[in-house]
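Okay, here's what each chain looks like letter by letter:
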Amino acid sequence: EAEVAQSPRYKITEKSQAVAFWCDPISGHATLYWYRQILGQGPELLVQFQDESVVDDSQLPKDRFSAERLKGVDSTLKIQPAELGDSAMYLCASRDRLRWGELFFGEGSRLTVL
Amino acid sequence: AQSVTQLDSQVPVFEEAPVELRCNYSSSVSVYLFWYVQYPNQGLQLLLKYLSGSTLVESINGFEAEFNKSQTSFHLRKPSVHISDTAEYFCAVSENNNDMRFGAGTRLTVKP
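Residues numbered from 1 in each chain as written. Chains lettered and ligands numbered in written order. Predicted model: local features only at pLDDT ≥ 70, side-chain atom pairs only at ≥ 80, totals over all residues. Heavy atoms only, no water.

Overview of the overall build of chain B
For clarity, the cut-off: Where helices and strands are cited, they refer to DSSP runs of H or I of at least four residues and of E of at least two residues respectively, numbered from the N terminus. Our radius of gyration looks at C-alpha atoms and nothing else; its globule reference is 2.2 Å times the residue count to the power 0.38. Contacts are assigned to residue pairs with any non-hydrogen atoms lying within 4.5 Å of each other. Per-residue accessibility takes into account occlusion by the displayed protein chains alone, with areas from the Shrake-Rupley method and a 1.4 Å probe. In this count, Lys and Arg are taken as positive residues and Asp and Glu as negative ones, while His and the chain termini are left out. Where a charge lies is defined by one atom per residue type, namely NZ (Lys), CZ (Arg), CG (Asp) and CD (Glu).
Within chain B, the regular secondary structure consists of 0 helices and 12 strands. Starting at the N terminus, the α and β elements of chain B follow one another as β-β-β-β-β-β-β-β-β-β-β-β. Taking 13 Å as the expected radius of gyration for a compact globule of 112 residues, we find that chain B reaches 13 Å, a close match to that expectation. Dimensions along the principal axes, computed over C-alpha positions, put chain B at roughly 40 × 25 × 25 Å. Sequence-distant contacts, at least 24 apart, represent 56% of the contacts inside chain B between residues at least 6 apart. Accessible surface for chain B amounts to roughly 5,500 Å². Of this, 47% is attributable to carbon and sulfur atoms. In chain B, 8 positive and 11 negative side-chain charges are present, and the distance between their average locations comes to 4 Å.

Examining the interface of chain A and chain B
Note the cut-off: Put simply, buried area is how much 1.4 Å-probe accessible surface two parts lose in total, over both of them, once they are put together. We define a salt bridge as a side-chain nitrogen of Lys or Arg found within 4 Å of a carboxyl oxygen belonging to Asp or Glu. Under the scheme applied, nonpolar residues are Ala, Val, Leu, Ile, Met, Phe, Trp, Tyr, Cys and Pro; charged residues are Asp, Glu, Lys and Arg; polar residues are all the others, including Gly.
Opposite the 21 residues of chain A that make contact, chain B presents 21 residues. Of the roughly 1,600 Å² buried between chain A and chain B on both sides combined, carbon and sulfur atoms contribute 52%. Among the residues of chain A in contact with chain B, Pro43(A), Trp100(A) and Phe105(A) are the three that bury the most area, contributing 37% of the side total. Run the count over chain A and chain B and you get 0 salt bridges. For the side of chain A that touches chain B, the secondary structure elements donating two or more residues are β4 (31-37), β5 (44-50), β6 (53-56) and β9 (88-95) of chain A. At 3 residues, the largest contribution of residues to the side of chain A that touches chain B is made by β4(A). When grouped by side-chain class, the residues that make up the side of chain A that touches chain B number 9 nonpolar, 8 polar and 4 charged.

Considering the pairing of strand β9 (residues 73-78) of chain B
Residue and element names in this part refer to chain B. This is how it is decided: Remark: exposure states derive from per-residue accessible area (1.4 Å probe, protein chains only) relative to the maximum for the residue type, with buried under 20%, exposed over 50%, and partly exposed in between. Strands qualify as paired when DSSP identifies two bridges or more between them.
With 5 of 6 residues buried, β9 is to be regarded as a mostly interior element. Pairing between strand β3 (residues 19-21) and β9: 3 bridges, direction antiparallel. Bridge pairing links leucine 21 to leucine 76 in β9. In terms of strand pairing, strand β8 (residues 64-68) meets β9 through 5 bridges, oriented antiparallel.

Some details on the state of the cysteines
Residue and element names in this part refer to chain B. Stated precisely, the cut-off is as follows: When two cysteine sulfur atoms are found within 2.5 Å, that pair is recorded as a disulfide.
Taken as a whole and assessed by the stated rule, the structure comprises 2 disulfides over all chains. A sulfur-sulfur distance of 2.0 Å marks the disulfide that ties cysteine 23 to cysteine 91. Sign of the S-S torsion, about -65° for the bond between cysteine 23 and cysteine 91, identifies this disulfide as left-handed. Placement of cysteine 23 in strand β4 (residues 23-26) and of cysteine 91 in strand β10 (residues 87-94) is noted, with a sequence separation of 68 residues between them.

Focus on the sheet that holds strand β7 (residues 65-68) of chain A
What holds strands together in a sheet is hydrogen bonding between their backbones, with the strands either parallel or antiparallel. Residues and elements named next belong to chain A. Defined as follows: Helix axes are fitted to C-alpha atoms over the stretch in contact, other axes to C-alpha atoms as well, and angles between N-to-C directions run from 0 to 180 degrees.
If you trace the 4 strands from one edge of the open sheet to the other, you get β1-β3-β8-β7, paired in antiparallel fashion. For this open sheet the edge positions go to β1 (5-7) and β7, each flanked by a neighbour on one side alone. The mean inter-strand angle of the sheet, taken between neighbouring strand axes irrespective of direction, is 15°. Bridge count between β7 and strand β8 (residues 75-79): 4 bridges; the pairing is antiparallel. Paired with glutamate 68 across the two strands is threonine 76, which belongs to β8.

Spelled out as structure tokens, the structure:
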């Protein structure tokens, strides 16, 4: 069964360092999402791509966060510099353009900033 | 913009008992509604969705949810839960073909 792949699963870093997360969506899924999930809260949308284009990044803290999907396939989310409040689970999801509402999520990347 | 409120953060129940997980949404336009489930150590997965048509939707494992427009609710129910239903359940709402907002989640714990 096809899955959304994310790496690393766990990342511990010190504040002010740079971190990067990678996501490989299900093959053929044009829509890709990055969500942040703080412990005890629901997923919060950071950025959404349609192919290689950003559709919505209104909630992305652009002073320190960046995301790209250069070839419209895999995607990278970067944080530089990391802050204590960035500790969270970073979730990637993808969707087939014809199957509205059915997001397929990866297992997430858990970030701890010390 | 749309928002979702899940009224219970934790719901403990005994096996074979009925359960209801409550979800209310806020939106000024028509919405699409979803329930996602996250089993321990797994990613979120779609449980069921309401897009249009019948207001009662069902999942393959016995859950159902009813869209109530007048009460702006989309509560999730199951008449008899199993240990394997222990998970975190997220209600989500979308106003268009793209943006999806999630609630804070309800942790369902089924006890023997």
